[in-house]
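Examination of the molecular architecture
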Amino acid sequence: MNIDTEDGVLRIAFDRPDALNAITEETVVELAETIENASVDRHDAIVITGEGDAFSAGGDLESLADSPDSTREAYESVTDSFGRVVEAMLECPVPIVAKVNGDAIGAGLAIVALADIAYAAEDATFSCAFVRIGLIPDTGGTFMLPRIVGLRAAKKLAFTGEFFDAERAADLELVNEAVPADELDDQVEETVGKLRTHPTEIIGTMKQAMHENMARPWSEALDYENLLQVQALTSDAHEEGVTAFLENREPEFET
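What this report covers is the structure whose coordinates are included nearby. Everything numeric here is computed off the predicted structure, so don't read it as measured data. (Residues numbered from 1 in each chain as written. Predicted model: local features only at pLDDT ≥ 70, side-chain atom pairs only at ≥ 80, totals over all residues. Heavy atoms only, no water.)

**Let's talk about the overall build of the protein**
Note the threshold: In DSSP terms, a helix is any run of H or I states spanning at least four residues, a strand is any run of E spanning at least two, and both are numbered starting from the N terminus. We compute the radius of gyration over the C-alpha atoms and compare it with the globule rule, which gives 2.2 Å times the number of residues raised to the power 0.38. Exposure is judged per residue with a 1.4 Å probe applied to protein chains only, and the accessible area is read against the type maximum: over 50% gives exposed, under 20% gives buried, and values in between give partly exposed. Two residues form a contact once any of their heavy atoms are found within 4.5 Å. We get accessible surface area from the Shrake-Rupley algorithm with a probe of 1.4 Å; when it comes to residues, only the shown protein chains can shield them. In this charge count, Lys and Arg are treated as positive and Asp and Glu as negative; neither His nor the chain ends contribute. One atom stands in for each charge, and that atom is NZ of Lys, CZ of Arg, CG of Asp or CD of Glu.
Helix and strand counts for the protein stand at 11 helices and 10 strands. Its C-alpha radius of gyration of 19 Å places the protein within 12% of the 18 Å reference for a compact globule of 255 residues. Across its three principal axes, the protein shows a C-alpha extent of roughly 60 × 45 × 35 Å. Here the protein, with 255 residues, has 45% of them falling under the buried criterion. Within the protein, counting contacts between residues at least 6 apart in sequence, those at least 24 apart form 71% of the total. Accessible surface, the protein: about 13600 Å² in total, of which carbon and sulfur atoms supply 49%. Counting 17 positive and 52 negative side-chain charges, the protein places the averaged centre of each group 7 Å from the other.

**Overview of unusual backbone geometry**
Here the phi dihedral of Leu20 falls at roughly 55°; this positive angle occurs in a residue that is not glycine. Structurally, Leu20 is set in the loop between strand S2 (9-14) and helix H1 (25-41). According to the relative accessible area criterion, Leu20 is partly exposed, its value standing at 44%. Here Glu173, not a glycine, exhibits a phi torsion of approximately 65°, which is positive.

**Looking at the side chain of Glu240**
Counting through the fold element by element, Glu240 comes out in helix H11 (residues 236-246). Excluding residues within four positions of it along the chain, Glu240 makes contact with Arg249, Pro251, Glu252 and Phe253.

**Some thoughts on the packing of aromatic side chains**
The condition that has to hold: Ring pairs shown here join Phe, Tyr and Trp side chains whose ring centres sit within 6.5 Å, with only the six-membered ring taken for Trp; geometry is labelled stacked below 30 degrees between planes, edge-to-face above 60, and tilted in between.
Under the defined criterion, the tally for this structure stands at two aromatic pairs. Taking 5.8 Å as the distance between ring centres and 85° as the angle between the ring planes, the aromatic pair formed by Phe14 and Phe55 counts as edge-to-face. Separated by 41 residues along the polypeptide, Phe14 in strand S2 and Phe55 in strand S4 (residues 54-56) bring together distant segments of the chain. For the pair formed by Phe14 and Phe55, the shared burial category is buried. Considering the side-chain rings of Phe126 and Phe164, the 5.7 Å spacing of their centres and the 20° angle between planes classify their relative orientation as stacked. Pair noted here: Phe126 is in strand S8 (residues 125-127) and Phe164 is in strand S9 (residues 163-165), with a separation of 38 residues, a long-range link. As far as burial versus exposure is concerned, Phe126 and Phe164 are alike and both buried.

**As for the packing of helix H4 (residues 107-114) against helix H5 (residues 141-149)**
Keep this limit in mind: Axes, fitted as lines to C-alpha atoms, cover a helix only where it is in contact. Angles between the N-to-C directions of the axes lie from 0 to 180 degrees. In these notes the angle categories are as follows: under 35 degrees is roughly parallel, over 145 is roughly antiparallel, 65 to 115 is roughly perpendicular, and the rest is oblique. A clockwise turn of the near helix away from the far one marks a right-handed crossing, whereas an anticlockwise turn of less than a right angle marks a left-handed crossing. Side-chain classes follow a simple rule in which Ala, Val, Leu, Ile, Met, Phe, Trp, Tyr, Cys and Pro form the nonpolar group, Asp, Glu, Lys and Arg form the charged group, and the remainder, Gly included, forms the polar group.
Two numbers describe how H4 lies on H5: the axes approach to 9 Å, and their chain directions differ by 60°. Overall, the two elements H4 and H5 adopt an arrangement that is oblique. The handedness of the crossing between H4 and H5 comes out as left-handed. Between H4 and H5, the contacting residues are Leu109, Ala110, Ala113 and Leu114 on the first element and Gly141, Met144, Leu145 and Ile148 on the second. A per-class count over the contact of H4 with H5 returns seven nonpolar, one polar and no charged.

**Some remarks on the sheet that holds strand S10 (residues 177-179)**
Our working definition: Paired strands, as defined in this entry, are two strands with at least two bridges between them according to DSSP.
Spatially, S1-S2-S3-S5-S7-S10 is the arrangement adopted by the six strands of the open sheet, whose pairing is mixed. Only two strands of the sheet have a single neighbouring strand rather than two, namely strand S1 (2-6) and S10. Between one strand and the next, the sheet's axes are offset by a mean angle of 20°, whatever the strand orientation. Relative to strand S3 (residues 45-50), S2 runs parallel, the two being bridged by six bridges. Bridging from a neighbouring strand, Leu10 pairs with Ile46 of S3.

**A word on the sheet that holds S8**
Read from one edge to the other, the open sheet built from four strands follows the order S4-S6-S8-S9, with strand pairing classed as mixed. The open sheet is flanked by S4 and S9, the only strands paired with a single partner. Ignoring which end each strand starts from, the neighbouring axes of this sheet average 20° apart. In terms of strand pairing, strand S6 (residues 103-105) meets S8 through two bridges, oriented parallel. Bridging from a neighbouring strand, Ala104 pairs with Phe126 of S8.

Interpretation in functional terms is not warranted from these geometric data alone.
Listed below in structure tokens is the structure:
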């Protein structure tokens, strides 16, 4: 992967364009470690994209052929790689933006689903293609996909492995918007610019609340929301936001 940090923005690019950025276990471990480090360093935003014509064609089939023979070893291998990146992305307090420059297939699609915000080039193609190679969706696919697109739509995408375009991905809310390829960079940078003006700590708390509350009954979710809101009320970001409002100026958050 290519990893670069500039002005508080961590930029990650899958860099196997000749293999359509197919993902190996080593790739997802590196991705997980990079995002975990970003959680500690508190960047303003993370952008994930691919080099060349694809975002990611999913898991590298040649490396899958070398999977461990025993069930226990295979479970540990998947948990420590693809499972780890799911945990890293969902727990990361920094907002993650997927810049889907091209095809997002299988695990590539799942990584798009794990991102907080996603934009896709109009000529990008998507597929939850796991069924085509006799696998179930992984990289959090069975968890996130039904929550984003709905259970029936997720079942159809997973059961058929059908290919669909970026406009359909936007209709399903798998991505926030499909844009012309030559406008993708500007759209992502505009969003990143907005994120950088807001308090990263509070965005991280929002993300924590939404993810934790997906599995809670409403009464527990409300209680957890109230707890985190009290924490936000005592933050420097809240103090600056209120002060700026009363002084009729733009807030200057420490991101």
